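These are the residues of each chain, in order.
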Amino acid sequence: MKMFKVFLLFLLFIVKTGDVVAQDRIKIFDSKTRAELSSASIRVIGRGAGSNQLVSFVQDVKAGDTLEISHVGYVTQKLTYLKLEQQRFAVLLEKAEGLLEEIVVNTGYARVPRERFTGSFESVGNQDFNRRVGGTILDRIDGLVTGVQFVRPNSTSASGLRIRGLATIQSNETPLVVVDNFVYEGNLDMINPQDVENISVLKDAAAASIWGARAGNGVIVITTKKGRQDGRTDLNFSSHFSITNKPDLFYSKRFLPSPTIMQIEREKYEKGYYLISDQQQPFPEYVELLIAKDRGEISEMDFQNRTDMLANADVRKEALKYLYRTGKLRQYGLNIRGGSQMVDYSFGIGYDTQDDILIGNDMHRFSITLKNGFRLSSALRVDLNVNYTTREDAGNGVSLENLSTGLANFGLSPYIRLRDGNGNALPVIRDYRRAYVDQANEQGLLDWSYVPLENRWLEDRRTNSVSFRGGTSVNWTPLRGASVNVSYQLLRNGSSTENFYEKESYYVRNLVNRFTPLSGSSPIPYGDILQRFSNNAYTQHAVRVQANYTGQFRERHEFAGLVGLEASDGKTDAQPGFLLYNYDKEHRLGENDFDYTFYHPVRPTGSGRIPSPPSASSLYIDRFLSYYGNMSYTMEKKYGLSASVRWDGSNLFGVKANQKGTPLWSIGTSWEINREAFYPFRNELPYLRIRTTFGHSGNVNKSVSAYPIIYLLPDGYREGIVTADLQSAGNPSLKWEKVSTINAGLDWKSRGNVLDGSLEFYRKDGSDLIGEDFLPPSSGIITGGTATRSNLVNYASIRSSGMDLRIGARPFQGRFRWTPSMLISYVENKVTKLSINESLLLSDYLNSPASPRVGKSRDVLYAMPWYGLSHDKGIPIMYIDGEQTTDYGMYYKSLGYEDLLDVGVTVPKWYGSFRNDFHWNGISMSFMLSFKAGHVFRRGSMPMAGEFSSVFHEDYFKRWQKPGDESTTYVPAYQETAQPYSATVYLDSEVLIERGDMLRFKDISIAYTFSKSPKMSKLLKEITCRAYISDVGLLWTSNRAGIDPDYIDASYYAPRRYALGIQIGL
Amino acid sequence: MKKAPLNILVVFSLSVQLSCTDSFLDAKPDAKLAVPSTLEDYNALLDNRIMYSKASITLGVIGADEYYINDGRLTTLTNAYQRNAYTWRQDIFEGGESDDWNQCYQRILYANLALDAETKDFDKTLPLYKTVIGSALFYRAHNYYILAQHFCKVYSPASSTTDKGLPLKLDYDVSVRPKRSSMDETYRQIQRDALRAYELLPEKAVDKYRPNKAAAALLLTRLHMQMANYEEAEKYADAGLKLADQLVDLNTVNASEDYPFPDQPDDNPEILVHLSGALPAVIGLARFNISNEIFSSYAPDDLRSMAYFFRHSNGATVFGGGKVKYHISWVGLATDELWLCRAECRIRTGKIEEGLGDLNHLLKYRYVTGTSPHYTSLPQTDALALVLQERKKELVMRGVRWEDLRRLNRDNESKTDLRREIDGEMYVLKADDPRWTWPIPDNEIALSGIEQNER
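About the criteria used
- Residues numbered from 1 in each chain as written.
- Chains lettered and ligands numbered in written order.
- Predicted model: local features only at pLDDT ≥ 70, side-chain atom pairs only at ≥ 80, totals over all residues.
- Heavy atoms only, no water.
- Helix = DSSP H or I, 4+ residues; strand = E, 2+ residues; numbered from the N terminus.
- Buried < 20%, exposed > 50% of the residue type's maximum accessible area, 1.4 Å probe, protein only.
- Areas by Shrake-Rupley, 256 points an atom, 1.4 Å probe, with all protein chains shown as cover.
- Lys, Arg positive; Asp, Glu negative; His and termini not counted.
- Charge placed at Lys NZ, Arg CZ, Asp CG, Glu CD.
- Salt bridge = Lys/Arg side-chain N within 4 Å of Asp/Glu carboxyl O.
- Pairing = 2+ DSSP bridges.
- Core = buried A, V, L, I, M, F, W, Y, C linked by side-chain atoms within 4.5 Å.
- Contact = heavy atoms within 4.5 Å.
- Buried area = accessible area lost by both parts, 1.4 Å probe.
- Polar contact = N/O pair within 3.5 Å; in protein donor to acceptor, adjacent residues only side chain to side chain.
- Nonpolar A, V, L, I, M, F, W, Y, C, P; charged D, E, K, R; others polar.
- Axes fitted to C-alpha atoms, helices over the stretch in contact; angles between N-to-C directions.
- Left-handed = near helix turned anticlockwise from the far one by under 90°.
- Phe/Tyr/Trp six-rings, centres within 6.5 Å; stacked < 30°, edge-to-face > 60°.
- Lys NZ or Arg CZ within 6 Å of the ring centre and 35° of its normal.
- Patch = residues over 30% accessible without salt bridge, like charges linked within 9 Å, V, L, I, M, F, W, Y side chains within 5 Å.

Colleague: Could you clarify how one ought to interpret the overall build of chain B in this entry?
Modeller: Scanning chain B for helices and strands turns up 16 helices and eleven strands. Oriented by its inertia axes, the alpha-carbon framework of chain B measures out at about 110 × 50 × 45 Å. In chain B, which comprises 455 residues, the proportion classed as buried is 60%. With an accessible surface of roughly 17400 Å², chain B has 53% of that area assigned to carbon and sulfur atoms. Taken together, the 55 basic and 65 acidic charged side chains of chain B have centroids lying 3 Å from each other.

Colleague: Help me understand the pattern of salt bridges, please; the structure alone is not making it clear to me.
Modeller: Once the charged atoms of two side chains with opposite charge are near each other, the side chains can pair. Under the defined criterion, the tally for this structure stands at 99 salt bridges over all chains. Notably, a salt bridge pairs A:Glu270 with A:Arg266, separated by 3.3 Å at the nearest N-O pair. Of this pair, A:Glu270 and A:Arg266 both sit in helix H4 (residues 258-270), four residues apart, which is roughly one turn of that helix. Note that B:Glu234 and B:Lys351 form a salt bridge whose closest N and O atoms lie 2.4 Å from each other. A residue pair is termed long-range when its members are at least 10 positions apart, and B:Glu234 in helix H9 (residues 230-243) and B:Lys351 in the loop between helix H12 (335-348) and helix H13 (352-364) qualify at 117 residues. Salt bridges linked by common partners bring B:Glu270, B:Asp302, B:Arg304, B:Lys323, B:Asp336, B:Arg366, B:Glu390, B:Lys393, B:Glu394 and B:Arg398 together as one network.

Colleague: Sorry if this is basic, but what is going on with the sheet that holds strand E14 (residues 219-224) of chain A here?
Modeller: By way of backbone hydrogen bonds, the strands of a sheet pair with one another, either parallel or antiparallel. Residue and element names in this part refer to chain A. Read from one edge of the open sheet, five strands run E8-E13-E14-E11-E12, paired in mixed fashion. Each of the sheet's edge strands pairs with one partner strand only, and the pair in question is strand E8 (121-124) and strand E12 (182-183). Sheet topology note: the strand E13 (residues 196-202)/E14 ladder contains six bridges and is antiparallel. The partner of isoleucine 199 across the bridge, within E14, is isoleucine 222.

Colleague: Is there a simple way to explain the nonpolar core in this structure?
Modeller: Counting 147 residues, the largest nonpolar core has B:Phe138, B:Leu147 and B:Val396 as its most contacted members. For this core, the leading source of residues is helix H6 (residues 127-151) of chain B, giving 14 residues. With sequence-adjacent residues up to four places away left out, B:Leu147 is seen in contact with B:Asp100, B:Trp101, B:Cys104, B:Tyr105, B:Ile108, B:Cys152 and B:Leu166. In terms of nonpolar packing, the next biggest core, distinct from the first, is built from 48 residues, A:Leu256, A:Ile264, A:Ala292 and A:Ile875 among them.

Colleague: Where do I start with helix H2 (residues 39-46) of chain B in this structure?
Modeller: In an α-helix there are 3.6 residues to a turn, and that puts residues three or four apart on one side. With seven of its eight residues buried, H2(B) lies for the most part within the structure. Where H2(B) is buried, its residues meet strand E33 (709-714) and strand E34 (722-728) of chain A together with helix H5 (99-114) and H6 of chain B.

Colleague: Before we go on, may I ask you to explain the interface of chain B and chain A in this structure?
Modeller: Interfaces are often sized by the accessible area lost when the parts come together. With 60 residues of chain B in contact, the opposing surface of chain A contributes 68 residues. With both chains or domains summed, chain B and chain A bury close to 5900 Å², and 60% of this area falls on carbon and sulfur atoms. For the pair chain B and chain A, the interface holds four salt bridges. For the pair chain B and chain A, the interface holds twelve residue pairs in polar contact (both at pLDDT 80 or more). Considering only residue class, the side of chain B that touches chain A consists of 26 nonpolar, 15 polar and 19 charged. Alignment of E33(A) against strand E1 (residues 33-34) of chain B, held across two bridges, turns out to be antiparallel. When the sheet's bridge partners are listed, A:Ile710 is paired in E1(B) with B:Ala34.

Colleague: I keep staring at unusual backbone geometry and nothing clicks. Help me out?
Modeller: Negative phi values dominate among residues other than glycine, just as trans dominates among peptide bonds. Residues and elements named next belong to chain A. Of note, the bond from arginine 603 into proline 604 is cis; its omega dihedral lies within 30 degrees of zero at -5°. Here proline 604 lies in the loop between strand E27 (600-601) and strand E28 (607-608). Each neighbour pair has its own omega, and for serine 848 with proline 849 the value is 0°, a cis peptide bond. Counting through the fold element by element, proline 849 comes out in the loop between helix H11 (842-846) and strand E40 (860-863). For aspartate 768, which is not glycine, the phi dihedral falls at a positive 55°. Assignment of secondary structure puts aspartate 768 in strand E36 (residues 755-772). In the Ramachandran plot, asparagine 921 falls in the positive-phi region, its phi being about 45° despite a non-glycine side chain. One can find asparagine 921 in the loop between strand E44 (910-920) and strand E45 (923-933).

Colleague: Before we go on, may I ask you to explain the packing of helix H8 (residues 213-226) of chain B against H12(B) in this structure?
Modeller: When two helices pack together, their arrangement is given by the angle between the helix axes and the distance between those axes. Residue and element names in this part refer to chain B. Running from amino to carboxyl end, H8 crosses H12 at an angle of 35°, the nearest separation of the two axes being 11 Å. As for the relative orientation of H8 and H12, their crossing is left-handed in sense. Contact residues: H8 offers Leu218, Thr221, Arg222 and Met225, while H12 offers Glu337, Leu338, Cys341, Glu344 and Cys345. Grouping the amino acids of the contact of H8 with H12 by side-chain chemistry returns five nonpolar, one polar and three charged.

Colleague: For this particular structure, what's the right way to read the packing of aromatic side chains?
Modeller: To describe a pair of aromatic rings, one takes the distance between the centres and the angle between the planes. Counted by the stated rule, this structure contains 57 aromatic pairs over all chains. Relative to B:Tyr105, the ring of B:Trp101 has its centre 5.0 Å away and its plane inclined at 50°; by these criteria the two rings are tilted. Of the two residues, B:Trp101 and B:Tyr105 are both situated in helix H5; the distance of four residues between them amounts to about one turn of the helix. Put simply, the rings of B:Phe261, B:Phe295, B:Tyr298, B:Tyr308, B:Phe309 and B:Phe319 pair up and form one aromatic cluster. A:Lys585 extends its terminal NZ or CZ atom over the ring of A:Phe500, reaching a point 4.3 Å from the ring centre.

Colleague: What am I meant to see in the sheet that holds E34(A) here?
Modeller: The three strands lie next to each other as E34(A)-E33(A)-E1(B), forming an open sheet whose pairing is antiparallel. Of all strands in the sheet, those bounded by a partner on one side alone are E34 of chain A together with E1 of chain B. Where H2(B) meets the sheet, it contacts E33 and E34 of chain A, and its direction lies at approximately 85° from that of E34(A). The strands touched by H5(B) are E33 and E34 of chain A; relative to E34(A), the strand with the most contacts, the crossing angle is about 100°.

Colleague: I tried to follow the environment of A:Gln546 on my own but got confused; where do I start?
Modeller: All names here are of chain A. As for its placement among the helices and strands, glutamine 546 is situated in strand E23 (residues 535-553). In this structure, the C-alpha to C-alpha distance between glutamine 546 and tyrosine 109, residues 437 residues apart in sequence, is 8.6 Å. Of the polar contacts made by the side chain of glutamine 546, one reaches the side chain of asparagine 548; its length is 2.8 Å.

Colleague: Would you mind going over a nonpolar patch on the surface with me for this structure?
Modeller: All names here are of chain A. Side chains of Phe812, Phe816, Trp920, Ile923, Ile1006, Tyr1008 and Phe1010 sit close together on the surface and give an oily, nonpolar patch of about 630 Å² of accessible area. Counting residues per element, the nonpolar patch draws most heavily on strand E48 (residues 998-1011), at three residues. Mapping phenylalanine 812 onto the fold places it in strand E38 (residues 812-813).

Here it is, written out as structure tokens:
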């Protein structure tokens, strides 16, 4: 009780002191939002020595003084204080263009002014976020934030990102995504980018540890637009249109021209590689032609004509003509924001429609958002928000890869034609031999041919997704600086996929034919089929109760703290779908009353059951419970101290109760050197701050278990029998993964914000990492077995360390503004501890990612040594104990881990961007270059007998042909029967390693803004037109092979996208 | 006055929170997950499909002399171990894993986990308890038995304490890594498990996917025959036949069908327990040819040549006689084997007429009605040769040929060398060659450090 009284006294004390600053008389506002900027500083200049001081009291100011008003992130203004009587006046500060515009960090728990924040974070404000027209949310921050690395180029989900390297080896590496203060478990594609106000990226322990056990990989905090409280109303309408070029299908190196493939197929045919099977496994068209010729079924001339036709065909040209198109994306958005101190609102509607570059794939998204804030009394504010998004994706496209049968003896025929000279769609060989398919009509079966261009419109595959996000937050401020906040959010995501097959579709005809007995009719009715896959619904309730306090006393001490508790309960409920035969779409009638257990004889051979409706139903529950606290203390605005603690618990299954939770903490300090009396560079560098933080966050691996865990499922074949898969044999000593981070940063700003930047160094140590031990199969844990989680142990530690540098400049700040900025990041990681048997299998190191080794990076790439080709045969030379050999099996077995070469890492060590923004009279132009360096990749090639496993590559033409060629090529000679390991000794050798350094012209954007001017109608406030080109092209790369290192083995690189947009503000 | 409400509030909120914490975080993350605790859970483990499919005898089938493949068809095999095992190479795995080895040990893990039920507080007289423990012991015994026939030398009483047996894992803890036991220990363990399974298993299981008492009896018979204890073996064969002796008269089967036997194991009265194997490509129908020696050994009136084989569209004679339709690789336990085992044991122990009686009984069900031979008054060696020949004909492609060859190679009079000719090259596996024992897979040796077989 006594303590409580002391606390109350303490509160009163704070409230009483610390006012009467200059801002009482001179109010400073943001020129656009009219939000008061309470932490601006005012200086008197040109009053001789000792001036240039911070003005605390307006009494210090005399008439005629020139005041310099500055604020972090704003253009500094100078004005002359004219009359003494002018007791109060307002100054409007304009936001500085550039990266530093956000001065408040939203951590998801609190909005913290930058100067109180000791941790490492980056913010992307609305202006920068909208610099890219179209594109996804994550796409729009690519290149804008240091330390954020797109490991998968153009990734639309956070799993393709790394924030400051790696902190885990086998657990989840995905950064945590937070939307409007709650962890977002849905698909980011369900959020309309137009609704986003800003994004913060939390990088170090002090920034992220508030998110606790799941923050080890960094946190991305997305905040959506809110209403405005200044009594004004904004109406914004935007429309964007972008087109994406057709892909460059000729980029792929894994393609050989038709005549070459035909020659290969001919040789294989003559050697008897095409075995006629009861399953009627398909042969390439040219092989069928050869068979027909040999059997005398076609004339020599006919054969020649058809051979010529195939030789002249190129499936890539066909695909570009009939399968791909120029992609189109249209985005429309309407946003109305307004309100007063009492009630504010934001309302948005967005509609996107996209025609993918693959004909048959399209997307529609509709979203509606409403946010309302009510100030019920001076101490009580209630916020409500709802967001509803629906999205439909059609996936009926037939890609180039879809034309391949996927069979080792077949692959993708380069001479496939999709239409004949008369424009008729042509059949393509798919599941069975052409001869078998052709005789279907004679056998009384339905036409059995697969015609991709027709079939594309006879099968309709659609996914419908719905997302609802609604929440409320009550904020009670009983005392100035102290508040209690209770918030709740409901998130519901659902999606279901439906396939509709018209009776004429290949799917239905194939099914009916397969089940048609030798005599009699097929048990499967010849009619449309509708199939609904399981319907996944995710429902999450999240509640947070938090008490905040901020205060200042005796001018010198500022304190902010919060404590809270948070609980979330996420449930994924999957309901089985259905399968209706003989479906009548119009009247919604279908049949599903079949005997699904009976084995029918099927064609071409064997037996099968009628495909049965799905019965899988599942329920997953994810629960988290956390207690947390966070405080920061600043003395004389010079010295800052921050600390946080957090306890996290989750419903990990099969883990002893005391291991369900983990306590985490962080601590940080900052020092604004420029405020020290001894600071010598006040004029040149008025802002200089050092920050250091240390702390722990974690990583949750839900697949661990201390006890044996089984997974129950119905047998499906044996009626009434429930079977169990052993999922884990259990490991009683598992612990949670822990990530500790040290961060040291330096922020600076030159006079008038001409040059600003920050430099940070960090080290991130992941320990107790959970990973797979290599168990002998006699343990029962086997490759491809059910108990895949049994071999999980806390086995390793990893250290990521690096540097992030951000430099921004404003050399011109007048009517013409030029703001170049540069981001450079360096990161590398190293496995520092490994407590399991190191793998002894060479293939574990040659695969990617390689099996971890102490001292090596997680991204390391190993290669086998290369000694060139032999003179007489043109096959790779190898050495066993100094003896030259070409017995690759013996050679491979003679190799140990020590014989492998560490050729580098696959993930760039250096990356960053260089951006230039120009602004003149409402016209702005911006372009960005991005670079990646310090990494390597393994390119593909043509192995010695690749023909026989359908591995093709352009290097086919560089093959060794005759003695002497070994001096000009390293591509081994053709060999009919490949020795064991002959492919790996070449494909995994150092000779195919390329450097990945590259410089890319990321994008260019031009915008023109008509601001409010007398010429414009009174209604209109602003019109902005934008033109934007993304993925302009690769400017330079260090590799000799003409490969874009971001798209090594891809069929094509990201096609260039052009966008136009208009934004009208009323 | 003032003090009390606040304290109550604090205490109340704390207690609410703490009690919530426990139950809130105790929710199962996946409704289908369970820490096995009930007999039904343990039983469900044993009903897993891996327990009766993927039976691990591919190496034995590939290595035995029941089939051949045509020239040019060996090099086109992508799977190294199949290519190498066909010609009994020294190293067959080329660093790859062995599905045979892996699947057996995975089943042993399942069995070991089910056997954890013994440590729990269950009523040991419950039928379900007996079924769970009995089945688990059967599976463990059967899988160790299969492993021993492939990866250990043939059992020899003289050297069984020094010959290398299997690493015997007897609990589910994956961190326990046993070394290789002796042959004696391995066989004693199998015998112990099989005997307890025989005592616990019901006469009739839920269906034939699960073992019953007669199946355990046949396993014990096989084991004792491998150990050359023919009297013991006969005892269990006899016990097995008392439980299940029914045979299917091939005259009642439409032998002209490619796959003439029923769809479901329960519909075939000969089946004791259903086990089927993966079909390696080397013996897949595209390459398969039945051994001419076996195919020509069926008499004209013997219905088996028709019921067990059919002509493939590529002209080859292929096997279709799995006891369950379409199961080309059916390797379960059945009554015909019981009859043959008892016949052999009786002949070997001098009860020649009784033995021939068993054989005659079986053949009645295999020949056109009224034409089956009636063997009587033969010298022991002739009778033995006859029963072994019938064994080869009846149990063709059932995965027992390899283990039969191995045990018969112990006796000088029944020694067999295997020969294969392919692509103009002759390969020979002499009866006393160490390559009758397959090598232990390389990854097992590397990770557990156990001793490799001499080959």
